[in-house]
Amino acid sequence: MIGIFLWLRQGEARLGREFNTTGRCYPQRHYMVDMERQLERLEQMVERGEYFCVNRGRQYGKTTVLSLLKRRLEGRYLVFSVSFEGIGEAPFASAETLAYTLLELFGDNIDYGEAKLASEAVRELIGETLSSCREEKLSVLKLSKIVSRLCTVSGKEVVLLIDEVDKAANYSAFMELLGMFRDKYLKRPERPTFRSVILASVYDIKNLKRKLRPQESHQYNSPWNIAADFDVSMEFNRADIAGMLEGYRTDYCVGMDIQTMAKMLYDYTSGYPFLVSRLCKLLDEKVAGTEGFPDRNAAWTKEGFQEALRLLLAEANTLFDDLRKKLADYPGLRRMLYELLYEGKSFPYNTDDEILDVARMFGYIREYEGKVMVSNRIFETRLYNLFVSEERIHSAY
């Protein structure tokens, strides 16, 4: 009883939904934008039989969109949805161990997850293979044959989703697996295989190749060169943000000016999903109820927004921590951003430039009138403050 009472007091009968900035979003639990536009485009790509990578920066909603896409495809397709998150390093020791692990993840899907409606023939095939093979015995070639058999007996076309591909970034075993997918894609008129393979990662596969063999001249010769271009916008626009705020306003009867709030959120974030949700979460949970903003009506104002922005720019969060890590990992990236922001230099937006390509991939820059710009005002301010602070520290010694 005490726990229930405290939950009601702290959440003011929160109606079961909140703004989420950690992990996958669920429509019944979290305030979300309408993803219909993105999901329709992704579904069309699957229907065309395309292989592709959902390649966007950190905390861009990739896992959420894969989850929603999986639900959308179920019924028409047998969907295997797996993730490299949490499987450790051992599976990447060799192509054989990775092939065996992937089949184990298929089996886990059948037992507990997305593919639980798989036919008995599919269940038997995977179960018998796992029982008869040790990890070092399941070659990529044998896995290729199993995939063909699986797609033959499934009764439906099969779609494979692989999330957190960045975990495989430093392992050649994953490139061998991609090579198998590519070979089967090219031979699919004669040999059954997946209808579509969809990867989700921050790094695109070209950059995975670069990380593996950075000194080799053929570093761009990726086995994923069969992939279709992924040009689906994952940023939130003002209408997206306004729709999410409308659900919140309805739940709590907040008298906010939705269009004004949506404009401010977009103007400062350029629609970066984490930053939009984080500002909303701070407004709801950290600003509302404070001395200057005693309730939600007071918080969801221009003044409340500025307070949430101040809190965001001062806090340590996973996105900003990753930004600092990337600056340390890529000295050329740090130097370019330093010269752009602190020294006021101008750079033409050239996608053939390796550093600019990396900055674009991480979501740190965008193109404006042929020039490089930091992708949003929050990144710009955070980076500038970091460079100013570093300069002061260095000048003191």
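Below or above, wherever it landed, is the structure these notes cover. Note that the coordinates shown come from a computational prediction; the quantities given were computed from them, not determined experimentally.

## Focus: empty space enclosed by the protein
Left-over empty space is what a probe sized like a water molecule reveals as it rolls over the atoms.
Inference 1: All chains considered together, the criterion is met by one cavity of 30 Å³ or more.
Inference 2: As for the largest cavity, its lining consists of Gly57, Arg58, Val202, Tyr272, Leu319, Asp322, Phe362 and Tyr364.
Inference 3: Looking at the lining of the largest cavity, its residues break down into five nonpolar, one polar and two charged.

## Examining the packing of helix 9 (residues 238–252) against helix 10 (residues 258–269)
The description of two helices packed together rests on the angle between their axes and the distance between the axes.
Inference 1: Axis separation between helix 9 and helix 10 bottoms out at 9 Å; the angle between their running directions is 130°. One way to sum up the angle between helix 9 and helix 10 is to call them oblique. As helix 9 packs across helix 10, the resulting crossing turns out to be right-handed. Where helix 9 abuts helix 10, its residues Arg238, Ile241, Ala242, Leu245, Glu246 and Arg249 lie against Ile258, Gln259, Met261, Ala262, Lys263, Leu265, Tyr266 and Asp267.

## Points about the pattern of salt bridges
Inference 1: The full count for this structure, using the stated rule, is 26 salt bridges.
Inference 2: Residues Arg37 and Asp240 are paired through a salt bridge, measuring 3.2 Å at the closest nitrogen-oxygen approach. A residue pair is termed long-range when its members are at least 10 positions apart, and Arg37 in helix 2 (residues 36–47) and Asp240 in helix 9 qualify at 203 residues.
Inference 3: Looking at Arg37, the relative accessible area reads 36%, which means it is partly exposed.
Inference 4: Looking at Asp240, the relative accessible area reads 9%, which means it is buried.
Inference 5: The partner of Glu85 in a salt bridge is Lys167, and the shortest N-O contact between them spans 3.4 Å. Residue Glu85 is found in the loop between strand 2 (78–83) and helix 4 (95–112), and its partner Lys167 is found in the loop between strand 3 (158–163) and helix 7 (172–186); the two are separated by 82 residues along the sequence.
Inference 6: Residue Glu85 is classed as partly exposed on the basis of its relative accessible area, which comes to 46%.
Inference 7: Look at the salt bridges and you will find they share partners, linking Glu36, Glu43, Glu47, Arg72 and Arg76 into a network.

## With respect to the side chain of Ser201
Inference 1: Examined against the element boundaries, Ser201 turns out to sit in strand 4 (residues 196–201).
Inference 2: Among the polar contacts made by the side chain of Ser201, one reaches the main-chain carbonyl oxygen of Tyr203 at a distance of 2.3 Å.
Inference 3: Apart from the residues lying within four places of it in its own chain, the contact partners of Ser201 are Cys53, Val54, Asn55, Arg56, Lys62, Val165 and Asp166.

## Section: the nonpolar core
Inference 1: Core analysis: the biggest nonpolar cluster contains 85 residues, and Leu245, Leu275, Trp300, Leu333, Leu337, Phe362 and Phe379 have the highest contact counts within it.
Inference 2: Ranked by residues supplied to this core, first place goes to helix 11 (residues 273–287) with eight residues.
Inference 3: With sequence-adjacent residues up to four places away left out, Trp300 is seen in contact with Phe19, Leu245, Tyr248, Val254, Met256, Met261, Cys280, Leu283 and Asp284.

## A closer look at the packing of helix 6 (residues 140–153) against helix 7
Inference 1: It is the contact of helix 6 with helix 7, at a shortest axis distance of 10 Å, that shows an interaxial angle of 40°. By the angle class used here, helix 6 and helix 7 are oblique. As helix 6 runs across helix 7, the sense of the crossing is right-handed. Contacts between helix 6 and helix 7 involve Val140, Leu143, Ser144, Val147 and Ser148 from the former and Glu176, Leu177, Met180 and Lys184 from the latter.
Inference 2: Of the residues that constitute the contact of helix 6 with helix 7, the class distribution is five nonpolar, two polar and two charged.

## Looking at the pairing of strand 4
Inference 1: Counting buried positions along strand 4 yields six of six residues, so the element is predominantly enclosed.
Inference 2: Residues Ser196, Ile198 and Ala200 of strand 4 are buried on one face, and the alternating residues Val197, Leu199 and Ser201, pointing to the opposite face, are buried as well.
Inference 3: With four bridges connecting them, strand 1 (residues 52–55) and strand 4 associate as parallel partners. Its bridge partner lying in strand 4, Val54 is registered against Ala200.
Inference 4: You can see the chain leave strand 3, run along helix 7 and come back into strand 4, and the turn it takes is right-handed.

Calculation notes
Residues numbered from 1 in each chain as written. Predicted model: local features only at pLDDT ≥ 70, side-chain atom pairs only at ≥ 80, totals over all residues. Heavy atoms only, no water. 1 Å grid on protein atoms, 1.4 Å probe; cavity = no way out; pocket = protein on both sides within 12 Å on 5 of 7 lines; lining within 4 Å. Points joined across faces, edges and corners; volume = space filled by probe spheres on them. Nonpolar A, V, L, I, M, F, W, Y, C, P; charged D, E, K, R; others polar. Axes fitted to C-alpha atoms, helices over the stretch in contact; angles between N-to-C directions. Helix = DSSP H or I, 4+ residues; strand = E, 2+ residues; numbered from the N terminus. Parallel < 35°, antiparallel > 145°, perpendicular 65-115°, else oblique. Left-handed = near helix turned anticlockwise from the far one by under 90°. Contact = heavy atoms within 4.5 Å. Salt bridge = Lys/Arg side-chain N within 4 Å of Asp/Glu carboxyl O. Buried < 20%, exposed > 50% of the residue type's maximum accessible area, 1.4 Å probe, protein only. Polar contact = N/O pair within 3.5 Å; in protein donor to acceptor, adjacent residues only side chain to side chain. Core = buried A, V, L, I, M, F, W, Y, C linked by side-chain atoms within 4.5 Å. Pairing = 2+ DSSP bridges. Right-handed = clockwise from strand over helix to strand, strands pointing away.

Geometric values such as these leave the question of function open.
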